[in-house]
Structure formats: C-alpha cells, structure tokens
Amino acid sequence: MKRLQYGSYCDKVLGGWLGKCVGGSLGAPTEGIKASNNVKFYTSCDKAQIANDDLDIQLVWIHALKQRGVEITASDLMEEWVEHVTFPWSEYGYALRNFRTGIHPPESGRFNNSFYGESMGCPIRSEIWGMICPGNPELAADYAENDASLDHFGNSIHAERFLAAIEAAAFVENDICKLLDIGLSVIPADSRLAQCINYITECFNNRIPLVEARGLMLNRFGHPDFTSSLQNLGFIVIGLLYGMGDFEKSLLSAVNCGFDTDCTGATVGAILGITLGASSLPKKWVDPIGNKIISLLDINALLDEPTINCLSRETCEIGMAVSMAGKTDWLIDNAPEVLVIAADGILDKPKREISIDVEYLGMSSISFSDSGNARLFVRNHTGHDIKGTLELFVPEIMVSSFTKVDFFVQAMGVFQIDVKVSLKSGVMQLPVVNRIKHICTYDGKSSEGWFGFSGASQWLVMGPFWEPLPNSAIKTCRYIAHQSLSLPPYEVMVLNTAYLDKEYIPEPVQGWDRDNLPPHTPHLERVVINSHEDKVDLDNIFTLQGPQTLYLYREIDSPQERKAWIVIGANDGIKVWINGVECLSSIDRMYTFPGHHSAEVKLNQGVNTILVKVVRSGANFDYSFALKEHNDQHWHKEQHLVDYSNIRLSDLKNDTPELDGKLIKEISVLEVSEITHK
C-alpha cells in the first residue's frame, strides 16, 4: 500500500481549487475571442473571481458524493443534475431536454447533440474526480467517463478522462511530460484527441515556437465553435508544455491562445495548483481571488459554506472515503479524526440493492411508424440471490412487449431483458416526452425509476424545385469547335439554380391553412418523414443532385397560447411561416450551428402549422428546427420546449395519389446519433 500524507494531500487539493479559480477568472473576460490574446493579469484586481460553470457543476458532484456515497453512477449524477442544474445553453440545455424526456446516459450525451456533444462542457469539470482519487488515474478516469456521458460523447469523454487521470497523478508526479503520458494511457490511442496531443508534443520537442504550434494545431484540429474540445485541449497542452511547470507562464501561454479561455486557463491552473500545492502558488495570483466562491447555482444547498476552504475540506473528506473503501492503492495517512469521521459518514450512505440501467437499441426516440427499443439491466448489488418482478407502466398511447416479468438475479449478477414500445393503432398525436415507469418488487421491498423515448417530429416534404440557369443572365459565347454556332456559356450547361424569393407553391397569405398545400403532380413529390432529432436529414429524400428548393410542413399541438422561440440552423436560404405568418427569412450561407437563426413567435392553444422553405445552392442541406420557451430572455437562456405534441400527417394522404406503391411515402430519417465517433 502506497502512502500519501494528509498534509500534502490537503495542500494539493486546496492548490487545485485555487488554481482553478485563478485560471478561470483570468480567462473569463476573453472567452470566445478566437484571436491570440495579450493577457498579462486580471482585468479587475478588486474582484478577480468570476462565477463560472467550470466550477459550478463540480459543486453539485461534491453534494452528490456526500449524499449518495462513493459508488456513485451516471444515473445518480443525472438525478442530481435535474435537481440542481438549470443551465439551458448549448450541450447543457440538450442534456436537460433529454433528461426531461426520459433519456438516460450515455444516450443523453449523444441524442440530438451533434454540434455541442464534443465541446468543453465536461472536460472542465474533471478536477473533482482527480482530487478524490489521488495517485489512481484509472479510477479517476472511470468516474470522469460516467460524468461526461451525461451531456457529451466521443472526444469530449476522452478529454475528461485524460484530464482527470492527469489530475489524479499530479498528487504523486510533477513531471509534465510523464503526466501527459499518463493521461494518454486512459484514452484510445487512435482517437483524434490523442493525435492532437501527440502532435503538439511533437511540435514542442521540435522547438517549434508557441505561436506557430498554435496555428499548426488549429489547421489540423480546429473547429468553428470556440468551445470545441479538441482545439481547447490542444491549448491546455500547449500551456503545460510551453509553460515548463511555471504557474504564471503556463496560465498565460494557455489563455493567450484564445478561444474558450476561461476553461483552458482554469484547467491549467488546477493541474499546476495540484502539482505545486497551495503553499507554493504565487501570492500575486492567489491573493486577489480571496476565499469566497461565486456561483451561478444555489451554493448554500451544495456546500456547508460558500468558501474555497470548505470546498477543499469536503473534497478531502470524499477522497478519504474513496481511500477507506479500498478503491485505490494509495492510503492517506495522518488525517484529522474529524475528517475520518466525516469519511465514515459518506461510506455509511445506504447502498442500492437493486438498480436498473437502460441501453437504447437504435434511436432513443419513437415515431408514428418506428418502435422504441431498449435493453433493461436489473443489477443485484448484494451478496445474495434475489427473486422478484419487474413491472412497466407505459403511457396510454403506447403498448410494450411486456408489462410484467419475473426475474432471478444471482449475487452481484445481472438480469437483462429487451423491451419494444410502439404506438397504438390510430394514435394521431405523439408527445415529445414519453416516460415509462418501472417498479422492481423483491423480498417485500420495491425500487422504482423511469426511462423514456423522445417523440419524433413528422414533416411533409414537398419538392424538389429547380431550374436551369437562364441564358439571359450570362452573355453567350462562341466555342472554337463551333465557330458557326452561338452556344450558352459553359456555366449554364453544367449548373442549375433555385431561389428563395420565387414562389413554387402557394405560400401563406391571410387565411392560409393546410388546405392550401398542393397535391401531388408530375412535377411535385410529397414525402412524409419522421425526424428523430431537431436536425432533419433532407439529402436522402430525393435523388436530385445540386441546387434545389424544398418546402417542409409540420403541425404541433400546444397545451396553451404562449410566446415561444423558434431556433433554426441552416447553411443556406430559409423562410419560415408559423400559423400562416412569416416570422423569419434569410439568405445567409454559412457553416451551420443550431442557433444560426431565431425568431419570437406566438403559438396558439391547439393546432399550430409550421411551413419552412429551404434552399440548397451547393451539395447538401444542413437544417435543424427547435422550439424553446420564451420568458422574455434571449433564446440562449431559455429551456427547450417539450410540453407539446407532434401531430400525425396521415390524413394528408386523402388528396395524394399513389407514389411508389403507397399513397404517401412515410420514411424514417435516422440522424447523427447513429454515427460512430472515435
């Protein structure tokens, strides 16, 4: 058994949290600026510390560990998140939407989260796992993966594992190169993150200047979103390597690379803070921070007192509990008796005898024509066999492959069963939220929980509309091979076009409703698709290549009249009508993100019609549509709207003749969640 003295452990934990606050406060004023910075010190020394989600969610994890013990699971963390974290933006907002829908991790980190799912939201909360696992990087990385799976996938999960392992190892190792190797040992060697880290290390070893290394890394691993994890992990590694173990130089090297500077500064500060310990941190940087924690959350519900000293003490209590539980081969010696008592209290938290995990088999959503499929794992955490029954309670509009089943689970064993959930015949409305309650009954006891499926939206897609480039737009020319002929320019012969401002079907005017939708004609196809995510895959519907315009029609049922935000991503021209009223029009062409366009709209109680016109000028569509609440705040600060239902469009078949053997093609569009990410 290896031994770590409590005095050193406590000093390093305090150093880590102080370094986190120093780096986050230093970088916050330049967050989102992609250019290189020239930061030299805090911009406001009288109030250096700034509230930051980098630290906030870790306060929730401290509370969760104290309340639930060190055997905490991803589902435990999810429950704590729902109770304490209300951040509506970016990946946090998508994760919370998924939790409210009933989707469990790790699917909650992947579903409907393609743009933000590999960003910095989880790598920045790795410190707690390293600090409670001193000297045990593998255990820290495993804790970190449970955490990361809530709202991320792919390289962001790798990034949190990488950083947690480094922070755990930093208690017993201070060589930066060795720490990076330890971090690399817990992530896939062929991942993009490992490639990025190895590339920066190669630049450093070849004495390529920092500014040049920054540019070369961005050329290979950059992303338009300033929060993307690959490039920001690159800046963290640049700070650690080019700072050469010096606290100030390392911080400034990372922050002055730009992009997500509060995150990169906070992480470098935490790693160096653990390595050096609080007693060795320069007072120039520490003194302006003070001791009070500034948080966006209700900190009094999470810590005994809102101070960095209290946070450090409670972290040490949990670290002692992890050590006393035998989860690590490092023993913390000479701890105060009060700390040992507190650690005992954490270990004495009631243990779950039975738990149920959910694995989604395919999409974590259900549509009018697609079932929802999942595998349930009933886990026995006791040392004796358990017999019992598992009962499911599905919404009234659904049927499941079973409602009650007997199970037998050996000691520390697992019973698994697949469940298929489908809509009943004739159902015309599908809620966004479809939660399924499960109850395990055994030995006179019961345990209950839930999982769920998101309700897919249904769109009628009409088109495609296109036309050749007009000859009159470009002067005709003569070709050498045809001196006697006047032929159109070459551009006219190889390109088509499509227009946003041209009316291809009767567009909404006063009194417009679904009866104005055109029937199928020889030049108009109508296809109904089930879109499981906000992003709608339009490229796989029609086989026409090149420029085109499509119209998309959808209906939803709102339980009340209210204001809402529509939030749209589009890489080309777009126009939107809600209930026949035009609310958005843009000819922008750019890289798409989910909040590219937004507009305030009014939803009626009951049925609401949505008509969207999209243009494709190049090779592909990139389009998404979401609804968010409107409580008189910017849409980025509002939660996703989930208390409405999607209306089935099957009754539109009545005016549509046969198409490919069906009255209307009803296909399922599977989105980016099915892509495998390394």
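Above this note sits the structure.
Residues numbered from 1 in each chain as written. Predicted model: local features only at pLDDT ≥ 70, side-chain atom pairs only at ≥ 80, totals over all residues. Heavy atoms only, no water.

## Looking at the nonpolar core
Right, on to step 1. Counting 116 residues, the largest nonpolar core has Trp61, Trp81, Trp129, Ile132, Tyr143 and Phe162 as the members making the most contacts within it.
Right, on to step 2. Of all hydrophobic cores here, the second largest spans 33 residues; its members include Val527, Val536, Ile541 and Phe542. (Core = buried A, V, L, I, M, F, W, Y, C linked by side-chain atoms within 4.5 Å. Buried < 20%, exposed > 50% of the residue type's maximum accessible area, 1.4 Å probe, protein only.)

## Section: the layout of surface pockets
Right, on to step 1. As a volume, the second largest pocket reaches approximately 700 Å³.
Right, on to step 2. Surrounding the second largest pocket, 31 residues form its lining, Ser114, Phe115, His223, Lys535 and Tyr591 being those nearest its centre.
Right, on to step 3. Among the residues forming the lining of the second largest pocket, the class breakdown is eleven nonpolar, 13 polar and seven charged. (1 Å grid on protein atoms, 1.4 Å probe; cavity = no way out; pocket = protein on both sides within 12 Å on 5 of 7 lines; lining within 4 Å. Points joined across faces, edges and corners; volume = space filled by probe spheres on them. Nonpolar A, V, L, I, M, F, W, Y, C, P; charged D, E, K, R; others polar.)

## Things to note about a nonpolar patch on the surface
Right, on to step 1. Taken together, Tyr490, Met493, Val494 and Leu495 make up a surface patch of nonpolar side chains, about 420 Å² in accessible area.
Right, on to step 2. Within the secondary structure, Tyr490 sits in helix H18 (residues 490-494).
Right, on to step 3. The exposed category is assigned to Tyr490, whose relative accessible area is 55%. (Patch = residues over 30% accessible without salt bridge, like charges linked within 9 Å, V, L, I, M, F, W, Y side chains within 5 Å. Areas by Shrake-Rupley, 256 points an atom, 1.4 Å probe, with all protein chains shown as cover. Salt bridge = Lys/Arg side-chain N within 4 Å of Asp/Glu carboxyl O. Helix = DSSP H or I, 4+ residues; strand = E, 2+ residues; numbered from the N terminus.)

## A word on unusual backbone geometry
Right, on to step 1. That bond from Pro105 to Pro106 is cis: its omega, 5°, falls within 30 degrees of zero.
Right, on to step 2. Along the chain, Pro106 falls in the loop between helix H4 (90-101) and helix H5 (107-110).
Right, on to step 3. The omega torsion across Gly463 and Pro464 is -5°, close enough to zero to call that bond cis.
Right, on to step 4. Along the chain, Pro464 turns up in strand S13 (residues 457-465).
Right, on to step 5. In this model, Met244 sits at a positive phi of 55°, which is unusual for a non-glycine residue.
Right, on to step 6. The phi torsion at Met412 lies on the positive side, around 60°, for a residue other than glycine.
Right, on to step 7. One can find Met412 in the loop between strand S8 (404-409) and strand S9 (414-423).
Right, on to step 8. With a relative accessible area of 57%, Met412 lands in the exposed category.

## Comments concerning the side chain of Arg125
Right, on to step 1. Looking at the secondary structure, you find Arg125 in the loop between H5 and helix H6 (127-131).
Right, on to step 2. On the basis of relative accessibility, which here comes to 0%, the residue Arg125 falls in the buried class.
Right, on to step 3. From its side chain, Arg125 meets the backbone oxygen of Gly121 in a polar contact 2.9 Å long.
Right, on to step 4. Beyond its immediate chain neighbours, meaning those up to four positions away, Arg125 contacts Asp54, Ile57, Gln58, Trp61, Trp81, Tyr92, Asp147, Ala148, Asp151 and Glu160. (Polar contact = N/O pair within 3.5 Å; in protein donor to acceptor, adjacent residues only side chain to side chain. Contact = heavy atoms within 4.5 Å.)

## Here's the deal with the environment of Ile366
Right, on to step 1. Considering the arrangement of structural elements, one finds Ile366 in strand S4 (residues 365-366).
Right, on to step 2. Using a relative accessible area of 0% as the deciding quantity, one classes Ile366 as buried.

## A few points about the pairing of strand S24 (residues 597-603)
Right, on to step 1. Burial of S24 is one-sided: the residues His597, Ala599, Val601 and Leu603 facing one way are buried, the residues Ser598, Glu600 and Lys602 facing the other way are not.
Right, on to step 2. As judged from the seven bridges shared by strand S21 (residues 562-570) and S24, these two strands associate in the antiparallel manner. Of the residues in S24, the one forming a bridge with Ile566 is Ala599. (Pairing = 2+ DSSP bridges.)

## Quick word on the sheet that holds strand S6 (residues 386-393)
Right, on to step 1. Strands sit in the order S4-S12-S11-S6-S8 across an open sheet of five strands; the sheet is mixed. Of all the strands in the sheet, the pair left with one neighbour each is S4 and S8.
Right, on to step 2. Taken together, the six bridges between S6 and S8 define a ladder with antiparallel strand orientation. For Lys387, the partnering residue across the bridge sits in S8 and is Phe408.

## Structural notes on the packing of aromatic side chains
Two aromatic rings are characterised by how far apart their centres lie and by the angle between their planes.
Right, on to step 1. The final tally for this structure, using the stated rule, is 24 aromatic pairs.
Right, on to step 2. Pairing Phe451 with Phe453 gives two aromatic rings, centres 6.1 Å apart and planes at 75°, and the pair type is edge-to-face.
Right, on to step 3. According to the relative accessible area criterion, Phe451 is buried, its value standing at 0%.
Right, on to step 4. Measuring from centroid to centroid gives 5.6 Å for Trp459 and Phe625, while their planes differ by 80°, and the two rings are edge-to-face. Remark: Phe625 occurs in strand S26 (residues 623-629) and Trp459 occurs in strand S13; sequence separation between them is 166 residues.
Right, on to step 5. In this structure Trp459 comes out as buried when scored by relative accessible area, which is 1%.
Right, on to step 6. Linked through ring pairs, Trp61, Trp81, Phe87, Trp89, Tyr92 and Phe99 together constitute an aromatic cluster.
Right, on to step 7. We note Arg435 situated over the ring of Trp450; from NZ or CZ to the ring centre the distance is 3.8 Å. (Phe/Tyr/Trp six-rings, centres within 6.5 Å; stacked < 30°, edge-to-face > 60°. Lys NZ or Arg CZ within 6 Å of the ring centre and 35° of its normal.)

## Quick word on the sheet that holds S24
Right, on to step 1. The strand order across the open sheet built from four strands is S19-S26-S21-S24, with neighbouring strands paired in antiparallel fashion. Of all strands in the sheet, those with a lone pairing partner are strand S19 (535-536) and S24, marking the two edges.
Right, on to step 2. By the bridge criterion, seven bridges tie S21 to S26 in an arrangement that is antiparallel. Paired with Gly569 across the bridge in S26 is Ser624.

## Topic: empty space enclosed by the protein
Right, on to step 1. This structure, assessed with the given rule, holds four cavities of 30 Å³ or more.
Right, on to step 2. What the largest cavity holds in volume is close to 140 Å³.
Right, on to step 3. Secondary-structure elements contributing two or more residues to the lining of the largest cavity are strand S12 (445-455) and S26.
Right, on to step 4. Looking at which element gives the most residues to the lining of the largest cavity, the answer is S26, with three residues.
Right, on to step 5. Within the lining of the largest cavity, the residues separate by chemical class into seven nonpolar, seven polar and four charged.
Right, on to step 6. By volume, the second largest cavity is sized at about 90 Å³.
Right, on to step 7. Every residue lining the second largest cavity is listed: Trp89, Ser90, Tyr94, Tyr116, Val567, Pro594, Gly595, Ala626, Lys628, Trp635, His636 and His640.
Right, on to step 8. Going through the elements one at a time, H4 and S26 are the ones with two or more residues in the lining of the second largest cavity.
Right, on to step 9. Taken together, the residues of the lining of the second largest cavity sort by class into seven nonpolar, four polar and one charged.

## Points about the environment of Met244
Right, on to step 1. Secondary-structure assignment places Met244 in the loop between helix H12 (229-243) and helix H13 (247-255).
Right, on to step 2. A C-alpha to C-alpha distance of 25 Å links Met244 and Ala189, two positions 55 residues apart in sequence.
Right, on to step 3. In this structure Met244 touches Lys249 and Ser250, once residues within four positions along its chain are discounted.

## Focus on the packing of helix H2 (residues 53-68) against helix H3 (residues 74-84)
Right, on to step 1. Packing of H2 against H3 leaves a shortest axis separation of 10 Å and a crossing angle of 120°. Accordingly, the angle class assigned to the pair H2 and H3 is oblique. The crossing of H2 and H3 is right-handed. Between H2 and H3, the residues in contact are Ile57, Val60, Trp61, His63, Ala64 and Arg68 and Asp76, Leu77, Glu79, Glu80, Trp81 and His84, respectively.
Right, on to step 2. For the contact of H2 with H3, the per-class residue count stands at six nonpolar, two polar and four charged. (Axes fitted to C-alpha atoms, helices over the stretch in contact; angles between N-to-C directions. Parallel < 35°, antiparallel > 145°, perpendicular 65-115°, else oblique. Left-handed = near helix turned anticlockwise from the far one by under 90°.)

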